Structures are given as C-alpha cells and as structure tokens.
Amino acid sequence: MANQASTSEIRTNYDVFLSFRGEDTRHGFTGHLYDALCRHGVNTFRDDENLRTGETIGPQLVQSIQDSKVSIIVFSTKYAASPWCLDELVHILHCHRERNQLVFLVFYKVDPSDVRHQKNTYKEAMDAHEKRFGSDKVKKWKDALTKISNKSGFHLKQGYEFTFIQEIVSEVVTHIPPRPLHIEDDMIGLQTRVAQVKFNLYHHCQGFIDGKPEFICYYCNHTMLGIVGIGGSGKTTLAKALYNSICNQFEGACFLSNVRKISNQEGGLSCLQQRLLSQLHVESKKGASCVEEGIAMIKEKLQGKNVLIVLDDVDNIEQLQALAGKCDWFSWKTRIIITTRDKSLLTAHG
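Notes on the structure in this doc start here.

Rules of the game
Numbering of residues starts from 1 in every chain and runs along the sequence as written. Local features in a predicted model are, by the rule used here, given only for residues with pLDDT of at least 70; side-chain atom pairs are given and counted only at 80 or more, and totals for whole chains, interfaces and linings are based on all residues. The basis for the side-chain values is all heavy atoms of the structure; hydrogens and waters are excluded. In DSSP terms, a helix is any run of H or I states spanning at least four residues, a strand is any run of E spanning at least two, and both are numbered starting from the N terminus. Throughout, exposure labels follow a simple rule: accessible area from a 1.4 Å probe, protein chains only, divided by the maximum for the residue type, with under 20% read as buried, over 50% as exposed, and the rest as partly exposed. Should any heavy atoms of two residues lie within 4.5 Å, those residues are considered in contact. Accessible surface area values rest on a Shrake-Rupley calculation with a 1.4 Å probe, where residue burial reflects the displayed protein chains alone. Strands pair, by our definition, only if DSSP identifies at least two bridges between them. To get an axis, a line is fitted to the C-alpha atoms, and for a helix only the part in contact is used. The angle between two axes follows their N-to-C directions and goes from 0 to 180 degrees. An angle below 35 degrees is read as roughly parallel, one above 145 as roughly antiparallel, one from 65 to 115 as roughly perpendicular, and any other as oblique. When the near helix sits turned anticlockwise from the far one by under a right angle, the crossing is termed left-handed; a clockwise turn instead gives a right-handed crossing. Residue polarity is assigned by list, with Asp, Glu, Lys and Arg as charged and Ala, Val, Leu, Ile, Met, Phe, Trp, Tyr, Cys and Pro as nonpolar; anything else, Gly included, falls into the polar class. Salt-bridge detection follows one rule: a side-chain nitrogen of Lys or Arg within 4 Å of a carboxyl oxygen of Asp or Glu. Multiply 1.5 Å by the residue count of a helix minus one, and that product is the helix's expected span. It is the directions from the helix axis to the C-beta atoms that the arc portrays. As used here, the term nonpolar core means buried Ala, Val, Leu, Ile, Met, Phe, Trp, Tyr and Cys residues forming a set that is joined through side-chain atoms within 4.5 Å.

1. Some points on the overall build of the chain
When you go through the chain residue by residue, the secondary structure sums to 15 helices and 11 strands. Looking at the 350 residues of the chain, the share that counts as buried comes to 48%. In the chain, once contacts between residues fewer than 6 apart in sequence are set aside, the share between residues at least 24 apart is 75%. In the form shown here, the chain has an accessible surface area of approximately 17900 Å², with 48% of it arising from carbon and sulfur atoms.

Structure, rendered in structure tokens:
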C-alpha cells in the first residue's frame, strides 16, 4: 500500500479487499489482520485516508472491489457512521450477487443484530445520514446492511484478538485459488502430453456416473512425479500447463522456478524454502536462519496439508532434500512435480 498514492494509481488485482472504519480499527485490529494476511502471501488491499475524496468512492476503488477475489467487511461500532464505508458495502453486495464474489463478515465488538436491524450506534448513524442525504440513499444503505449481515460471520466479543485473526486468515486462504501461470510457448500436442502426465498422478478405474460407464480417477500413493528431458525440450512448459490444469484441486499450490539457478546463489536454498511457504499461504514471521531450520518449518507447517508443489530445473539432491525431502512431510493427497535433466537424481531420491 502506498500512503501517497492517488486513486488513479490503485492496483486492482488483489486477493482480498478490506472494508473497515479507519477511526475504529486501522491502527489496531484491522492493521493486525492486514499484516497476518500479507504474511500468508495474500495480496490484500486496504485503503488509506488520503484516497478518500468527496462523498462517494471513486471508480478506481470500485474497480479494486470488483477485481478482488474476496471481500472482508469489518463491522465495528462506528462503521455505519461512514458514508464511504456504506458505499463500499453496497458495491461489495453487488459483486457478491452478480459475480459470486466471496464475502467474509467480521463483527468486531458489535452485535450482529445491531448491524442487521440497525440498532444502537447503527441506528444513530442512519438517523444522522437521513437528515443529511435523504431517505432514498439511506434506504439503500439499510437494505445492504440487513441483507449482508444475514450471512454468518466471525464475531469477536472477548478473548485474544490474535487467535480470532488466525481463525479468519485460515478460513480466507482456503478460498483463494492459485494464480494460473503464463505460458509463452504453444507446443504442438501440449494438452495431450498434459493428459498423459495427469494419468500417472492418479489411479483410474471404470465405474458408473448417472448410470453411464465412465473412467474415474482417484488418488494413488505416488506423491512425487518426475519429468526428465534435455535442456530446451519443454519440461518447464509441460510442468506449467500441468500446474494450471490441476492447481485448483489443492488447498495451496506453489511453482518454484529456476531451482538450479537460485540455489547456487548465497542463501539460495533458504530463499526457496521461504518462497515455498509463502506461496502456500503458510505464516512465517521470519525466514529460516539455515537450511536445516527451513526443513523443520516445511515439515511442521505442511504436514497434513493437501498441496501441489512444482520444483522446476532441479540438478542437485540437496535441493530435493531441502524442499521435498520425504513423502511423509506431506498429506497423501499432495502432489510434487519435479523437472530435471538428470534422471539419476530422481532415482537417488527414491
């Protein structure tokens, strides 16, 4: 977020759009929530007071809401006092209806019924707005508050805020789909090759769907799969196409490119370990001090998770040991794709 930005400079390709009353929570709860989302690798938009000009939200901010995958609304005591927040709410509700945008509600030290039925501070705010803006506009805001708050949400009454934030972030990250990778080369027969590789990731059997015989694929015990070929043979392009084809089937997905090149740099393996954790939306307050610590973090954070990992251009057994040492580091549903020029490397890794 850039404090000095103008609305014309706002990026729109966000994972999460945060709507909140700045005076209530900017430097407290929402600030901590924003930080936690960013630590999990979630690209999060929160507005700045400098961006608020005039009585209504600008077109660039509207675009940011539309292009975000998820909106999080933090209802606080004085949320409804802000016409800006209420306009954001109306547009978020529109995107929820028309674009199936996911919306998470957070009731921060406010009763959901106050929001739903405009009671207490919410009634006071609506009464004040009606005198200023008239009944037509206020009715639109009231309808939005009532309709959106009929959804279930996270309600903090008391207790530790960091635990509450962890619950929100854990739920949000599971609903953010991995970004597809750009593929420059349009290889002839690429999709046929992708289908062939996918066949090796799963067991197949013939069954019946709606009374018709169909081939059904299900998970097998093969966690890791290698793609071997000489330089320039299309291994990376095939791995990218495969990744794009199946990444939405997993809780998280990570494509680590240029493993050979990066690992040869000082601190390269630790950097790759940190990238792995970050792309899989695993919170890591600090980077590992050494490769061994990174291994321990990967085993701890990813054990039991259903993830897709692609290690592209591996040329050393130490790279595999640092990033995907053993199958028992991961869930049995996890799939790890390795591209390399050296078949003996895969054999040595088992």
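2. Thoughts on the sheet that holds strand E9 (residues 252–256)
Pairing in this open sheet of 4 strands is parallel, and the strands run E8-E11-E10-E9 from one edge to the other. Among the strands making up the open sheet, the edge pair consists of strand E8 (224–228) and E9. Pairs of neighbouring strands in the sheet enclose a mean axial angle of 10°, with direction left out of account. Against the sheet, helix H10 (residues 235–246) makes contact with E8, E9, strand E10 (307–314) and strand E11 (335–340), and its axis sits at roughly 170° relative to E9, the strand it touches most.

3. Focus: the sheet that holds strand E4 (residues 102–108)
The strand order E2-E1-E3-E4-E5 describes an open sheet built from 5 strands, whose pairing is parallel. Each edge of the open sheet is held by one strand with a lone partner, namely strand E2 (44–46) and strand E5 (154–156). Put simply, the sheet's adjacent strands are angled 20° from each other on average, direction ignored. Of the pairings in the sheet, the one linking strand E1 (residues 16–20) to E2 comprises 3 bridges and is parallel in character. The residue of E2 that forms the bridge with Phe-17 is Phe-45. Packing of helix H4 (residues 83–98) onto the sheet brings it into contact with E1, strand E3 (70–75) and E4, and relative to E1 it is tilted by some 145°.

4. Quick look at helix H2 (residues 29–39)
Along H2, the residues classified as buried are Phe-29, Thr-30, Gly-31, Leu-33, Tyr-34, Ala-36 and Leu-37. Buried-residue contacts for H2 involve E1, helix H1 (22–25), E2, E3, E4 and helix H8 (161–173). Downstream of H2 by a residue or two, Gly-41 has a phi angle that is positive, lying close to 80°.

5. Concerning the packing of H4 against helix H7 (residues 135–148)
Their axes nearest at 9 Å, the elements H4 and H7 cross at an angle of 55°. Classified by the interaxial angle, the pair formed by H4 and H7 is oblique. Viewed along their axes, H4 and H7 form a crossing whose handedness is left-handed. When H4 is examined against H7, the residues Pro-83, Leu-86, Asp-87, Leu-89, Val-90, Leu-93 and Arg-97 are found in contact with a partner set consisting of Lys-137, Lys-140, Trp-141, Ala-144, Leu-145, Lys-147 and Ile-148. For the contact of H4 with H7, a count of residues per class yields 9 nonpolar, no polar and 5 charged.

6. Focus: the pairing of E11
Within E11, 6 of the 6 residues are buried, which leaves the element mostly enclosed by the surrounding structure. Across the two faces of E11 the burial is the same, with Arg-335, Ile-337 and Thr-339 and Ile-336, Ile-338 and Thr-340 all buried. Two elements, E8 and E11, share 5 bridges in a ladder whose sense is parallel. Among the inter-strand pairings, Val-228 is bridged to a residue of E11, identified as Thr-340. Pairing of E10 with E11 involves 5 bridges; the strand directions are parallel.

7. So, the pattern of salt bridges
Under the counting rule described, the total for this entry stands at 7 salt bridges. Across the pair Asp-15 and Lys-69 runs a salt bridge whose closest N-O atoms are separated by 3.1 Å. On the criterion of sequence distance, the pair formed by Asp-15 in the segment before E1 and Lys-69 in the loop between helix H3 (59–67) and E3 is long-range, its members being 54 residues apart. The class of Asp-15 is buried, set by a relative accessible area of 1%.

8. Notes on H8
Compared with the 18 Å implied by 1.5 Å per residue over 13 residues, the 18 Å span of H8 between its first and last C-alpha is a close match. Residues of H8 that are buried: Phe-164, Ile-165, Ile-168, Val-169, Val-172 and Val-173. All buried residues of H8 fall inside an arc of 155° around its axis, so they share one side.

9. Re the nonpolar core
Grouped together as the largest cluster of nonpolar side chains are 29 residues, with contacts concentrated most on Ile-73, Phe-75, Leu-89, Tyr-122, Leu-145 and Ile-148. Every element with two or more residues in this core is listed here: H3, E3, H4, E4, helix H6 (121–133) and H7. Counting residues per element, this core draws most heavily on H4, which supplies 7 residues. Not counting residues up to four positions away in its chain, the partners in contact with Ile-148 are Ile-73, Phe-75, Leu-89, Leu-93, Val-103 and Leu-105. Counting residues in each nonpolar core, the second largest holds 28 residues, with Cys-254, Leu-269, Leu-276 and Leu-345 among its members.

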